[in-house]
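Chain residues, written in single-letter form:
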Amino acid sequence: MSTIARDPLGTGRVPVAPGLSMFDPMFVGIDEFGEHVMLDVVYHNLLIAGEPGGGKSGLVNLAAGTSALADNTRLVLFDAKWVELGAYIDVADEFIGDEIDKAISVLRRLLTVAHNRYRWILSQRRRKVRREDLLSTIVTIIDELAMFTTVLGTPEQQKEFEQLLRGLVSLGRACGMPVIAATQRTSWDIIPASLRDLFGYRCAFHCTTNGSSDVILGDGHADMGYDASKINPDNPGEALLRAGKRAPYLIKAAYLSDEQIYNIADYAAWMRRPSGITTPAPPITTAWEMAA
Ligand SMILES: Nc1ncnc2c1ncn2[C@@H]1O[C@H](COP(=O)(O)OP(=O)(O)OP(=O)(O)O)[C@@H](O)[C@H]1O
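The structure reproduced in this document is the subject of the present report.

Procedures and definitions
Residues numbered from 1 in each chain as written. Predicted model: local features only at pLDDT ≥ 70, side-chain atom pairs only at ≥ 80, totals over all residues. Helix = DSSP H or I, 4+ residues; strand = E, 2+ residues; numbered from the N terminus. Buried ≥ 20, exposed ≤ 12 C-beta atoms within 10 Å, placed from the backbone. Contact = placed C-beta atoms within 7 Å. Near = placed C-beta within 6 Å. Nonpolar A, V, L, I, M, F, W, Y, C, P; charged D, E, K, R; others polar. Pairing = 2+ DSSP bridges. Axes fitted to C-alpha atoms, helices over the stretch in contact; angles between N-to-C directions. Parallel < 35°, antiparallel > 145°, perpendicular 65-115°, else oblique. Left-handed = near helix turned anticlockwise from the far one by under 90°. Expected span 1.5 Å × (residues − 1). Arc of directions from axis to C-beta.

## Overview of the overall build of the chain
For the chain, the helix and strand inventory stands at eight helices and 12 strands. A total of 292 residues make up the chain; the buried ones form 43% of that total. Summarising the internal contacts of the chain: among those between residues at least 6 apart in sequence, 67% fall at separations of at least 24.

## Focus: the site of the ligand
The immediate surroundings of the ligand are formed by 15 residues, with Gly55, Ser57, Pro236, Gly237 and Tyr255 found nearest. For the shell around the ligand, the secondary structure elements donating two or more residues are helix 1 (56–69) and strand 12 (249–253). Sorting elements by how many residues they give to the shell around the ligand places helix 1 first, with three residues. Class assignment for the residues of the shell around the ligand results in five nonpolar, eight polar and two charged.

## Thoughts on the sheet that holds strand 6 (residues 73–79)
The 10 strands lie next to each other as 4-3-12-11-10-5-9-8-6-7, forming an open sheet whose pairing is mixed. Here the strands that pair on one side only, and so sit at the sheet edges, are strand 4 (36–39) and strand 7 (92–96). Each neighbouring strand pair of the sheet contributes to a mean axis angle of 25°, computed without reference to strand direction. Direction of pairing for strand 3 (residues 26–31) relative to strand 12: antiparallel, over a ladder of three bridges.

## Considerations on unusual backbone geometry
In the Ramachandran plot, Arg125 falls in the positive-phi region, its phi being about 55° despite a non-glycine side chain. Mapping Arg125 onto the fold places it in the loop between helix 2 (100–123) and strand 8 (137–143). Although it is not a glycine, Glu144 sits at a positive phi angle of roughly 55°. Checked against the element boundaries, Glu144 lands in the loop between strand 8 and helix 3 (145–151). A tally of 23 C-beta atoms within 10 Å means that Glu144 is categorised as buried.

## Considering the packing of helix 1 against helix 7 (residues 258–271)
At a minimum axis distance of 9 Å, the contact between helix 1 and helix 7 shows a crossing angle of 20°. Compared by their axis directions, helix 1 and helix 7 come out roughly parallel. For the pair helix 1 and helix 7, the crossing hand works out as left-handed. In this structure, helix 1 uses Asn61, Gly65, Ala68 and Leu69 to contact helix 7, whose residues at the interface are Ile261, Ile264, Ala265 and Ala268. Along the lines of polarity and charge, the residues of the contact of helix 1 with helix 7 split into six nonpolar, two polar and no charged.

## With respect to the pairing of strand 9 (residues 179–183)
Burial runs high along strand 9: five of the five residues are buried. As judged from the four bridges shared by strand 5 (residues 46–49) and strand 9, these two strands associate in the parallel manner. Bridging across to strand 9, Leu46 finds its partner in Ile180.

## So, helix 4 (residues 155–172)
Taking 1.5 Å of rise per residue, 18 residues should cover 26 Å, and helix 4 covers 25 Å from first to last C-alpha, within 8% of that figure. Along helix 4, the residues classified as buried are Gln158, Phe161, Leu165, Leu168, Val169 and Gly172. Viewed end-on, helix 4 has its buried residues packed into an arc of 95°, placing them on one side of the element. Away from the buried face of helix 4 by more than 90 degrees, exposed residues Pro155, Glu156, Lys159 and Gln163 are located. Check the buried side of helix 4 and you find it contacts helix 2, strand 8, helix 3, strand 9 and helix 5 (193–196).

Structural data, given as structure tokens:
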């Protein structure tokens with residue numbers, strides 16, 4: 001249930017969402033039976049791939065919108081096109097456009113944070129973060145992965161980006177730093193199996209061949225009948241979702257229009273504004289704060 005709070009700027013009344021957390025399941029669409037499909041994104045990385053026009057950016061924006069609205073959640077957005085995730089530029093901790101140097105330096109920083117968090121988790125005698133830890137969730141979203149691994153910068157920089165990303169995808173999951181990556185290039189050079197297999201959730205939109213469907217879902221899946229090249233290209237948003245141990249199943253991803261995306265981003269920016277009643281954070285001193 002949402003409540004209504006008075007808009008302090010006096011421009012009307014603003015609905016205040018209940019405290020959405022990234023530890024809550026994320027709604028991504030419906031399955032063939034009309035049931036809601038929810039993903040536990042905080043503990044899983046999500047790979048989104050398929051041919052242009054298949055509906056990937058709908059799912060990417062759904063993830064960005066949910067993260068933007070979620071409490072205690074920080075966004076790190078990579079978007080070489082600027083406009084796919086540009087709506088969230090004001091709510092993101094970092095927004096990386098077509099800038100490979102910045103992309104590499106931000107990934108390095110994220111890896112440092114992940115290492116710090118693991119040391120803190122170790123001190124708590126555990127193996128992963130929990131909601132009660134109150135550590136912020138840092139969601140990294142990359143829209144068009146191939147731009148950073150094959151187009152921008154030198155081959156050395158692309159390789160470094162890929163290595164750092166592999167590190168973040170390996171480490172982030174259990175320390176509250178999930179990665180959501182999207183690409184329209186469904187080939188082995190963009191999504192090598194060693195990287196793909198680190199994504200616990202994989203969503204394949206329409207592909208041109210059964211081989212490219214297997215690149216996303218896993219070797220041999222097309223032969224078993226899970227083949228995203230069979231998805232009707234005239235039905236954007238339809239995808240095969242492989243989530244955890246369950247066999248891939250058909251979903252229809254929810255879709256947000258540009259107007260809805262900007263409304264969500266504006267609302268998130270409003271929710272995240274400095275309220276003026278909180279005191280500024282003191283300097284970082286404790287191990288817990290370093291890990292955050
Ligand atoms: N879930 C959906 N339900 C209904 N229509 C959709 C859905 N997803 C996408 N569409 C329609 O398909 C069009 C293309 O979708 P979208 O831009 O998300 O594809 P894409 O795979 O991200 O393409 P690209 O790789 O070129 O960015 C949208 O403009 C929209 O009209």
